[in-house]
Number of protein chains: 2
Amino acid sequence: MTVTKIALVGIGKIARDQHVPALAASDAFELAATVSRSGGLEGVENYGTIEALLEARPDISAISFCTPPQVRYDGARAALAAGRHVMLEKPPGASLSEVHALQAQAAAANLSLYATWHSRHAASVPAARAWLADKTIKSVRIDWKEDVRVWHPGQQWIWQAGGLGIFDPVINALSILTEILPVPVYVTGADLRFPSNCETPISGRIQMGGPDGPLVESDVDFLFEGEPLWRHVVETDAGTLTLNEGGAVLDIDGTTPATNGAEEAKLHGEYDGLYAAFANLLATGSSEVDLRPMTLVADIFTLGRRLEAPEFIDPTLQEN
Amino acid sequence: MTVTKIALVGIGKIARDQHVPALAASDAFELAATVSRSGGLEGVENYGTIEALLEARPDISAISFCTPPQVRYDGARAALAAGRHVMLEKPPGASLSEVHALQAQAAAANLSLYATWHSRHAASVPAARAWLADKTIKSVRIDWKEDVRVWHPGQQWIWQAGGLGIFDPVINALSILTEILPVPVYVTGADLRFPSNCETPISGRIQMGGPDGPLVESDVDFLFEGEPLWRHVVETDAGTLTLNEGGAVLDIDGTTPATNGAEEAKLHGEYDGLYAAFANLLATGSSEVDLRPMTLVADIFTLGRRLEAPEFIDPTLQEN
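Residues numbered from 1 in each chain as written. Chains lettered and ligands numbered in written order. Predicted model: local features only at pLDDT ≥ 70, side-chain atom pairs only at ≥ 80, totals over all residues. Heavy atoms only, no water.

Q: Can you break down the domain arrangement of chain A residue by residue, with the values?
A: All names here are of chain A. Looking at chain A, the domain boundaries give domain 1 (4–115) and domain 2 (121–262 + 298–319). Placing the centre of domain 1 and that of domain 2 at their C-alpha centroids yields a distance of 27 Å. Contact residues are listed per partner, giving eight residues for domain 1 and 15 residues for domain 2. For the pair domain 1 and domain 2, the summed buried area comes to about 790 Å², and 60% of that belongs to carbon and sulfur atoms. (Domains from an automatic or database assignment. Contact = heavy atoms within 4.5 Å. Buried area = accessible area lost by both parts, 1.4 Å probe.)

Here it is in structure tokens:
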């Protein structure tokens, strides 16, 4: 198997928790360098800027970005301009229009661009999709509730314009929704609660329609304490499908199919799946950019009603 | 020439000011009926609902929607389901995802769907596009300032979620921008001012990037008194192009090219152009749905910073 040298840009929580272990386990990629201003990884060459990396390492043909979405475009553009294939953490950018620009650039240069949605690689998402394929969907209920203080400690970019707030995790739910439903959905309404000191919402309710009228109701909350609730419940003409734990655990009318992954798959399987898919895109010279989850979020921001929520103070930052 | 019977849905200000005169002047269409709950037009059959029209008039093969964007989807979906071609006022819907759903529906049924951008048919837009085609764009400045009390009296839907506020007219500027520029642009930042009693913004500033960094600055205001300012100024390597009066009047380095339309073209030419384009789509069995202006607006709402503005009271409604 050809091993592709890859660089990782942005060595924060998601890089350390997910990308680095997935790359260590991958036969297709070798983590050859990192880009980080605040220091890289033990034993891996680090550059302070993407420009320095592109200049020094023409042997690295693929670059994976896990920087915050607000600063991803400039790096991705530079990487494509230097002839490198690009993989993007979710969401693939701060705006739909900048991802369209990257798509055009990658296509013109015959390079692979991969906009990843890690939750689509959760253990039970393929089985859910397969089961729903021939069912009539009667309603969908999504609850996406977690404690931002536990899951995103100190990640201030989430609260800055373009950081999406609660919709940074909710876009995972929407990536699963658009993957498993056999019909298209569209946003009809939303109520969004913005803390008085933040530029992005902390909680909300969303309504979506489908081919025959109202179809999806969703309740999302970034201040939910205890065990997170990452759940899709799909009522169909043939029973109720429940996806729990962010796509990891499937239940159909109280029965758990044997397709569920092991604990290990729940932890690292999503990112193993992403890098395997990226290797496949490189091997076939193709791109994958599905903007449906991001389009739904943009629609929610465009037509959502804005309500005030109390000031949010991140206790992690308070301690500093 | 085949004359297509067409129905107009939503008999408000834009229908009376623009659609009805354009249809009266068209050889391609005959205005056969209207749909309006508050009464239609003198001498034209009116129906209270789109369903009643579709049921009673199978001979009407095309439907043009000028209802507010928040209620356009259900009607358009019903019209396509009944086998009719559909033309949509701008913006083509309240959300990108619902227009995607309509596109899929029209394609599956082999029907024409036309998402119109009337400002692209302003007298000098084609000449501006042609002149810019081979230029290097150095910067773009857009001012879009008008008095909502003069141009949208009593149109409360503009202030409701999904009505876009100032971005209802600004989307015209963006439809021109994406038509005339030879390079793609993407939103990098925005400041939006929301009146305390409205769900949509009343003014703002927007920044966009292009292939080589920052490219577009825009200042938009819905409380601008006196003559409206609807202007694009494009600095290029070969001089400065100015489009004034919403695309009607062109100026290149102080010279006004002879391509400018007459006063009459400024008033009704845009909608004449729309219906001519729709007739062409019907004749060729094709659709036209360019969502770039709407994508830029969705991006502006997604990553814009929200600021408070004073309460807005529409004096037209106060008098009632």
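From this point, the narrative continues.
Q: Talk me through the interface of chain A and chain B; I want residue IDs and the actual numbers.
A: At the interface, 31 residues of chain A touch 31 residues of chain B. Looking at the side of chain A facing chain B, the largest losses of area belong to S97, Y186 and T302 of chain A, adding up to 23% of the total buried there. Seen at the junction of chain A and chain B, the total is two salt bridges. Inspection of the chain A/chain B interface yields eleven residue pairs in polar contact (both at pLDDT 80 or more). Listed by contribution, the elements that provide at least two residues to the side of chain A that touches chain B are α3 (72–81), α4 (96–109), β8 (186–195), α9 (292–303) and β14 (305–309) of chain A. Looking at which element gives the most residues to the side of chain A that touches chain B, the answer is α9 of chain A, with seven residues. Classifying every residue of the side of chain A that touches chain B gives 15 nonpolar, eight polar and eight charged. (Salt bridge = Lys/Arg side-chain N within 4 Å of Asp/Glu carboxyl O. Polar contact = N/O pair within 3.5 Å; in protein donor to acceptor, adjacent residues only side chain to side chain. Helix = DSSP H or I, 4+ residues; strand = E, 2+ residues; numbered from the N terminus. Nonpolar A, V, L, I, M, F, W, Y, C, P; charged D, E, K, R; others polar.)

Q: Talk me through the relation of the copies chain A and chain B; I want residue IDs and the actual numbers.
A: Between the two copies of the chain lies a rotation about an axis combined with a shift along it. The two copies are related by a screw operation: chain A maps onto chain B through 180° of rotation and 0.0 Å of translation along the axis, at an RMSD of 0.0 Å. Taken together, these values place the two copies in the relation of a two-fold axis. Of the interface residues in chain A, 100% have counterparts in chain B that sit at the interface too, so the contact is made through matching surfaces. (Least-squares fit on C-alpha atoms with pLDDT ≥ 70 in both.)

Q: How would you summarise the packing of aromatic side chains if you had to cite specific residues and measurements?
A: Aromatic ring pairs are reported here in terms of the distance separating the ring centres and the angle at which the planes meet. Summed over the entire model, instances satisfying the criterion amount to 16 aromatic pairs over all chains. Centroid distance F29 of chain A to F278 of chain A: 5.6 Å. Interplanar angle 15°. Geometry classified as stacked. Here the residue F29 of chain A occupies a position in strand β2 (residues 29–35), and F278 of chain A occupies one in helix α8 (residues 263–284), the gap between them amounting to 249 residues. Per residue, the accessibility class of F29 of chain A equals that of F278 of chain A, and both read buried. Ring geometry for W159 of chain B versus F312 of chain B: centroids 4.9 Å apart, planes at 40°, classification tilted. Placement of W159 of chain B in the loop between α6 (148–151) and α7 (167–180) and of F312 of chain B in the loop between β14 (305–309) and α10 (315–318) is noted, with a sequence separation of 153 residues between them. With respect to burial, W159 of chain B and F312 of chain B carry one shared label: buried. In this structure an aromatic cluster arises from ring pairing among F29, Y114, Y275 and F278 of chain A. Sitting over the face of the ring of W131 of chain A, K135 of chain A holds its NZ or CZ atom 4.3 Å from the ring centroid. (Phe/Tyr/Trp six-rings, centres within 6.5 Å; stacked < 30°, edge-to-face > 60°. Buried < 20%, exposed > 50% of the residue type's maximum accessible area, 1.4 Å probe, protein only. Lys NZ or Arg CZ within 6 Å of the ring centre and 35° of its normal.)

Q: Summarise the packing of α3 of chain A against α4 of chain A; cite the residues concerned and give the values.
A: Residue and element names in this part refer to chain A. Where α3 contacts α4, the two axes come as close as 10 Å, and the packing angle between them is 5°. Here α4 runs roughly parallel to α3, going by the angle between their axes. Across from Y73, A76, R77, L80 and A81 in α3, the residues of α4 making contact are E98, A101, L102, Q105 and A106. Considering only residue class, the contact of α3 with α4 consists of seven nonpolar, one polar and two charged. (Axes fitted to C-alpha atoms, helices over the stretch in contact; angles between N-to-C directions. Parallel < 35°, antiparallel > 145°, perpendicular 65-115°, else oblique.)

Q: Break down the nonpolar core for me, with residues and values.
A: The biggest cluster of nonpolar side chains holds 141 residues, and the ones touching the most others in it are I63 and F167 of chain A together with F167 of chain B. Look past the residues within four positions of F167 of chain B in its chain and what remains in contact with it is L192, P201, I206, V220, V297, I300 and F301 of chain B. Counting 24 residues, the second-largest nonpolar core is a separate cluster that includes A7, I50, L54 and L80 of chain B. (Core = buried A, V, L, I, M, F, W, Y, C linked by side-chain atoms within 4.5 Å.)

Q: Explain helix α1 (residues 13–25) of chain A to me, using residue names and the numbers behind them.
A: All names here are of chain A. The first and last C-alpha atoms of α1 sit 18 Å apart over 13 residues, in line with the 18 Å expected at 1.5 Å per residue. The largest bend along α1 measures about 35° and falls at H19, with the proline P21 one to four residues further on. Along α1, the residues that are buried comprise A15, Q18, H19, A22 and L23. (Expected span 1.5 Å × (residues − 1). Bend = angle between axes of the 7 residues up to and from the residue.)

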